[in-house]
Amino acid sequence: MGLDFLEHGADFEAAISATGFGRFHFCLLAVTGLIYANTAIGITIVSFVLPAATCDFRMSSADKGWLTAAPMLGMVIGSYFWGCLADTKGRKVVLVSTLLLDGFTGIASSFVQILPIFMACRFINGFAVAGAMGICFPYLGEFQQTKYREKILCWMEMFWTLGVILLPLIAWGIIPIQGIRIENGSFSYDSWNWFVAACGVPSLMLGFWLFSFPESPKFMMECGDYDDALACLKSIYKQNTGDDPDNYPIKSLKEKVRTISVASQSSQKSVRSLSMRKPKDLKRLFSEIWTQTKALCRPPYLKYTILTCLIQFGLTTSYYTLMIWFPELFNRYEEFEHRFPNTSASVCDVSSIVVKDETSTDPFDCEKIIDQSVYTHTLIVGLACIPTSLWLPLCVHKLGAKFFLIFSLSFAGLVTVGLYFVQNSIQNLVLSCIFEALTSLAISLVFCVLVDLFPTNLRVMAAALSLTAGRGGGLIGNLSFGYLIDINCVIPIVVFSAFLFIAAVLCFFLPKTGQEALD
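In the annotation of an unreviewed UniProt entry, the chain is listed under the name Synaptic vesicle glycoprotein 2C-like and assigned to Vanessa tameamea. In its Subcellular location (unreviewed entry) section, the UniProt entry covering the chain states "Membrane". According to its UniProt record, the chain has this under Sequence similarities (unreviewed entry): "Belongs to the major facilitator superfamily."

Chemist: Tell me about empty space enclosed by the protein, and please be specific about residues and values.
Modeler: For the structure on display, the rule yields two cavities of 30 Å³ or more. For the largest cavity, the calculated volume is near 80 Å³. Around the largest cavity, the lining residues are Asn-38, Ile-41, Gly-42, Ile-45, Asp-102, Gly-106, Arg-122, Asn-125, Val-196, Cys-199, Gly-200 and Ser-203. Elements that contribute at least two residues to the lining of the largest cavity include exactly α3 (23–44), α6 (91–109), α7 (115–141) and α10 (191–210). Among the elements that line the lining of the largest cavity, the one with the most residues is α10, at four residues. Considered class by class, the residues forming the lining of the largest cavity number four nonpolar, six polar and two charged. Estimates place the volume of the second largest cavity at around 40 Å³. Surrounding the second largest cavity, Thr-308, Ile-311, Leu-405, Val-446, Val-449, Leu-450 and Leu-510 form its lining. Counting only elements with at least two residues in the lining of the second largest cavity, the list comes to α15 (302–339) and α20 (425–453). It is α20 that contributes the most residues to the lining of the second largest cavity, three residues altogether.

Chemist: So, the packing of aromatic side chains: which residues are in play, and what are the values?
Modeler: In total, this model carries 34 aromatic pairs according to the counting rule given. Ring plane angle 40° and centroid distance 4.5 Å describe the contact between Phe-21 and Tyr-148, whose orientation is recorded as tilted. Residue Phe-21 is found in the loop between α2 (12–17) and α3, and its partner Tyr-148 is found in helix α8 (residues 146–154); the two are separated by 127 residues along the sequence. For the ring pair Phe-24 and Phe-143, a centre distance of 5.3 Å and an interplane angle of 50° mean the geometry is tilted. Linking Phe-24 in helix α3 with Phe-143 in the loop between α7 and α8, this pair joins segments that are 119 residues apart in sequence. The exposure class assigned to Phe-143 is buried, which follows from its relative accessible area of 0%. Taken together, the aromatic side chains of Phe-24, Tyr-139, Phe-143, Trp-209 and Phe-213 make up a single cluster linked through ring pairs.

Chemist: Account for the packing of α3 against α10, with residues named and values stated.
Modeler: Put simply, α3 and α10 touch, their axes get as near as 10 Å, and they point 155° apart. The pairing of α3 with α10 is recorded here as roughly antiparallel in orientation. Crossing handedness for the pair α3 and α10: left-handed. Where α3 abuts α10, its residues Cys-27, Ala-30, Val-31, Leu-34, Ile-35, Asn-38 and Ile-41 lie against Cys-199, Pro-202, Ser-203, Leu-206, Trp-209 and Leu-210.

Chemist: Which residues make up the side chain of Ser-79, and what values go with them?
Modeler: Take Ser-79: it is sitting in helix α5 (residues 61–86). Taking relative accessible area as the criterion, Ser-79 reaches 2% and is therefore assigned buried. A polar contact of 2.8 Å, which involves the side chain of Ser-79, links it to the backbone oxygen of Met-75. Setting aside residues no more than four positions away along its own chain, Ser-79 makes contact with Ala-130, Ala-464, Leu-467 and Thr-468.

Chemist: I'd like a rundown of the side chain of Ser-203, residues and numbers included.
Modeler: Locating Ser-203 in the fold gives a position in helix α10. Taking relative accessible area as the criterion, Ser-203 reaches 0% and is therefore assigned buried. Setting aside residues no more than four positions away along its own chain, Ser-203 makes contact with Asn-38, Leu-99, Asp-102 and Gly-103.

Chemist: Tell me what's going on with helix α14 (residues 279–296), and back it up with residues and numbers.
Modeler: Given a rise of 1.5 Å per residue, 18 residues ought to cover 26 Å, and the 26 Å separating the end C-alpha atoms of α14 matches this to within 8%. All of the buried residues in α14 are Asp-281, Leu-285, Glu-288, Ile-289, Gln-292, Thr-293 and Leu-296. All buried residues of α14 project into a common sector of 130° when viewed along the axis, lining one side. Exposed residues lying more than 90 degrees from the buried face of α14 are Pro-279, Lys-280, Lys-283, Phe-286 and Trp-290.

Chemist: Report on the pattern of salt bridges, specifying residues and quantitative values.
Modeler: In this structure the tally under the stated criterion is seven salt bridges. A salt bridge links Glu-142 to Arg-91; the nearest nitrogen and oxygen atoms lie 2.6 Å apart. Linking Glu-142 in the loop between α7 and α8 with Arg-91 in helix α6, this pair joins segments that are 51 residues apart in sequence. No difference in accessibility class separates Glu-142 from Arg-91, as the two residues are buried. Here Asp-190 ties to Arg-181 by a salt bridge, and the two come within 2.7 Å at their closest N and O atoms. Owing to a relative accessible area of 17%, Asp-190 belongs among the buried residues under this scheme. Judged by relative accessible area, which is 33%, Arg-181 ranks as partly exposed. Each of Asp-56, Arg-181, Glu-183 and Asp-190 takes part in one network of salt bridges that share partners.

Chemist: Can you lay out unusual backbone geometry for me, pointing to particular residues and giving the numbers?
Modeler: Across the junction of Pro-299 and Pro-300, the peptide omega takes the value 5°, indicating a cis bond. Mapped onto the fold, Pro-300 is located in the loop between α14 and α15. We note that Arg-58 has phi near 55°; this positive angle belongs to a residue other than glycine. Looking at where Arg-58 falls in the secondary structure, it is placed in the loop between α4 (46–57) and α5. Judged by its relative accessible area of 47%, Arg-58 falls in the partly exposed class. Despite not being glycine, Asn-342 shows a phi value in the positive range, around 60°. As for its position among the elements, Asn-342 is in the loop between α15 and α16 (347–356). Look at Asn-342 and you get exposed, because its relative accessible area is 86%.

What counts, and at which threshold
- Residues numbered from 1 in each chain as written.
- Predicted model: local features only at pLDDT ≥ 70, side-chain atom pairs only at ≥ 80, totals over all residues.
- Heavy atoms only, no water.
- UniProt positions renumbered as here; feature names shortened; annotations may be inferred.
- 1 Å grid on protein atoms, 1.4 Å probe; cavity = no way out; pocket = protein on both sides within 12 Å on 5 of 7 lines; lining within 4 Å.
- Points joined across faces, edges and corners; volume = space filled by probe spheres on them.
- Helix = DSSP H or I, 4+ residues; strand = E, 2+ residues; numbered from the N terminus.
- Nonpolar A, V, L, I, M, F, W, Y, C, P; charged D, E, K, R; others polar.
- Phe/Tyr/Trp six-rings, centres within 6.5 Å; stacked < 30°, edge-to-face > 60°.
- Buried < 20%, exposed > 50% of the residue type's maximum accessible area, 1.4 Å probe, protein only.
- Axes fitted to C-alpha atoms, helices over the stretch in contact; angles between N-to-C directions.
- Parallel < 35°, antiparallel > 145°, perpendicular 65-115°, else oblique.
- Left-handed = near helix turned anticlockwise from the far one by under 90°.
- Contact = heavy atoms within 4.5 Å.
- Polar contact = N/O pair within 3.5 Å; in protein donor to acceptor, adjacent residues only side chain to side chain.
- Expected span 1.5 Å × (residues − 1).
- Arc of directions from axis to C-beta.
- Salt bridge = Lys/Arg side-chain N within 4 Å of Asp/Glu carboxyl O.

So this is what it looks like as structure tokens:
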């Protein structure tokens, strides 16, 4: 490492390398990984609430569409809001805020008896989840030395898979229970309410656990808080080595030209210490956010901003729309196979036949019990992601994140084309497993690549902007897909496969990542 840092101060890469790699980093991976798993639960919880809550809320098909759209709309608005705060006020404080907001709102929503208020609560949940999802990758990445960073970030995909597996298990364990309904006048609290409340608890636990972790030392250095950053690095050194923090070999950190802040440069006050209650400080904070937003939209970062937003749009639109559509398609196949045993039919045939025949004496499904196959199929889809989740971190150093991105997006496009040729529910299940494994891999990889593409002062904001583009696409896809599939089922298959192929082509323009120290 050399001894020149004793006189001139160490840069971040030398300082974080000197802390070693051990207990602290494993605990940090655990907490950020579980936050990422929790976002997987938060995003897909509505798919289990919909069939269970239809009777209590007397939901029409239009109501179901709006309930699915509400958290997605929250994500569109929340992504950039939290990203701006995280790049000015700090990663940890914003991450804790999003988790506590998500947990308290989730538990409160379980008591709501009026559908528009329940939708508003799910909107707030989406608003909070978007923040947690956009921040956990940069927060984790900023504690890593270059040789471990890409591999550690790729292990996050395993936690997403964990979330996808846990959700149907929690739903299966709670929603079918018959004897836990509480009724008092117009108030009712059924098993699906208990399920919604149970899904809010992990957010609170993770939020309180995160209090014991430090702010990102890379971010503190960017703000000019070198003494705080050094104290944080000493604490990490102690946890990793068990040695006295005073024995940490780095005694000072190299000061650099501060890119973060108009506020920090024009005064001695760090941007982190600006108060949101004082009008003067708030004005400075907004000028900071505006300066950083402009930086994202100018060279040299404009190219990467456009690329990541377009890739996220194509990928996320296809992912969220089709993953919400697969269970519905499975139900239509089950209905079709029940009416016409031993008859094969394409997706288009099944959709048109079942839609034409839909007349019911029980419009709100009050007598319907959710079939166990709904839980088992979602569980199988989650378990199918395990091989790719293990393959990624074990091989990313040899093949590179860019290779995995192009591979997963291209094959996901082919799987979407394959939907047109499906003839029964088993084929539909196999395709949905492959699709989930490939697209969830690609979503995690986009976040991994983002950590390397942008400097510390723009990193979370860039992730948030790409998330906004992706969730916006997911919202449009969800609202339009139901109509398209019932009118002409070829159109959505062509559109979504094209989105995935275009995203794969765009990935060729991304640089290789994971080789250099963080800017």
